[in-house]
Amino acid sequence: MPLVTSTEMFKKAYDGGYAIGAFNVNNMEIVQGITEACQEEKAPVILQVSKGARAYANHNYLVKLVEAAVICCPDIPIVLHLDHGPDFDTCKACIDGGFTSVMIDGSSLSFEDNIEVTRKVVEYAHAHGVVVEGELGTLAGIEDEVSHAVGSYTRPEEVEEFVSKTGVDSLAIAIGTSHGAYKFKPEQCTVNEKGLLVPPPLRFDILKEVSRRLPGFPIVLHGSSSVPQDYVKMVNDNGGKMPNAIGVPEEQLREAAKLSVCKINIDSDLRLAMTGTIRKFFNEHPDKFDPREYLKPARANIKELVRHKLVDVLGCAGKA
Ligand code: G3H
Ligand code: 13P
Ligand code: ZN
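So, a few notes on the structure that sits alongside this text. (Residues numbered from 1 in each chain as written. Chains lettered and ligands numbered in written order. Predicted model: local features only at pLDDT ≥ 70, side-chain atom pairs only at ≥ 80, totals over all residues. Heavy atoms only, no water.)

Notes on the coordination of the zinc ion (ligand 3)
Protein-derived coordination of the zinc ion (ligand 3) comes from H84 (NE2), H179 (NE2) and H222 (ND1), at a distance range of 2.0 to 2.1 Å. Among the residues examined, H179 registers a relative accessible area of 10% and is labelled buried. The class for H222 is buried, based on a relative accessible area of 1%. (Donors = N, O, S within 2.8 Å, 3.2 Å for Na, K, Ca; no water. Buried < 20%, exposed > 50% of the residue type's maximum accessible area, 1.4 Å probe, protein only.)

Structure below.
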């Protein structure tokens, strides 16, 4: 089937109490690892491309890689989405260039300016059959192109006005997740009986109040990598240095997926799987230099990690 928008996917996810995985893609192996898992698990999927990904790989290469995935995975619906669109022109370039969904991230602007730019993107997108994600509230954490030193939770009292004035199709909110592999400082965490750091819980009270005010409306969570400690250890055991990398507990994401959260963004976990696997490969095979030899196990581990997310966290396996 051709690329689709997320409209139907989100409706089914909302009613079915699960979420769609939105995974960032930057190269062929990442596209293949994600979509092979989705095809085997019969899971709908959102492949998302950031401003940084477009700068790294080139818009045309990414679109063609995703179109290749559509051919290779005929049984599942795939959305091609712009992640954190920084301005109208970038959104327009993606709408004109084959994307079926865009995010306009006006979360660092004033409420009024965020409404203005988001409404402008929605008008253009809807006229071209493309859907739009907006954002209210800012996430803490630092990610190459997405940088907010301090986050601020979404204010539920603003969401109805934002959605009605902009016409957005989905809304990203800030309830305590953040971008990157260092989501929480150790001093924010408690220590459990196994001596592991436990981060502060997500603000489900905010999520529930937003949903009460926007019944049936799809909510998006960014910054939702769980930073698997096995992969952090693999990185650190093989020459890396990632002390105190901590993510969002998967059980909390599963709970959010049962509520109004229909899209969960995961990028850092895939980066960790890829980097840990490649570091280990080189440590064990210092004589090897064929990229296919180290990218193959990296792609396989991305695939298994995505499968785990689909089945155990998002609940969207079998929903294609
Ligand atoms: O939220 C941002 C995504 O993880 C994309 O990151 O800007 O480094 O491509 P990037
Ligand atoms: P992570 O850094 O937690 O993977 O978040 C990714 C994201 O929100 C992409 O928009
Ligand atoms: Zn994000």
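Considerations on the packing of aromatic side chains
A ring pair, where both rings are aromatic, is described by two values, the distance of the centres and the angle of the planes. Following the criterion strictly, the structure yields five aromatic pairs and no others. Both rings, one in F88 and one in Y124, keep their centres 5.8 Å apart while their planes meet at 80 degrees; by these two values the pair is edge-to-face. Residue F88 is found in helix α5 (residues 88-96), and its partner Y124 is found in helix α6 (residues 111-127); the two are separated by 36 residues along the sequence. A ring pair is formed by F281 and Y294, whose centres lie 6.4 Å apart and whose planes are at 50 degrees; its orientation type is tilted. Here F281, found in helix α11 (residues 268-284), pairs with Y294, found in helix α12 (residues 291-314); they are 13 residues apart in sequence, far enough to count as distant. Accessibility assignment for this pair places F281 and Y294 in one class, buried. An aromatic cluster is defined as three or more aromatic residues linked by ring pairs; in this entry it consists of F281, F282 and Y294. One Lys or Arg, K120, reaches over the ring of F88 and ends 4.4 Å from the middle of that ring. Here the basic side chain of R203 rests over the ring of Y153, its NZ or CZ set 5.0 Å away from the ring centre. (Phe/Tyr/Trp six-rings, centres within 6.5 Å; stacked < 30°, edge-to-face > 60°. Helix = DSSP H or I, 4+ residues; strand = E, 2+ residues; numbered from the N terminus. Lys NZ or Arg CZ within 6 Å of the ring centre and 35° of its normal.)

Examining the sheet that holds strand β2 (residues 45-50)
With parallel pairing, eight strands are arranged side by side around a closed barrel as β1-β2-β3-β4-β5-β8-β11-β12. Recorded for the sheet is a direction-independent mean angle of 25 degrees between the axes of neighbouring strands. On top of the sheet, α5 reaches β3 (78-85) and β4 (101-104); it is set at about 175 degrees to β4, its chief contact. Across the sheet, helix α7 (residues 159-166) is in contact with β5 (131-136) and β8 (170-173); its angle to β5 comes to roughly 150 degrees. (Pairing = 2+ DSSP bridges. Axes fitted to C-alpha atoms, helices over the stretch in contact; angles between N-to-C directions. Contact = heavy atoms within 4.5 Å.)

As far as function goes, none of this settles anything; it's purely spatial.
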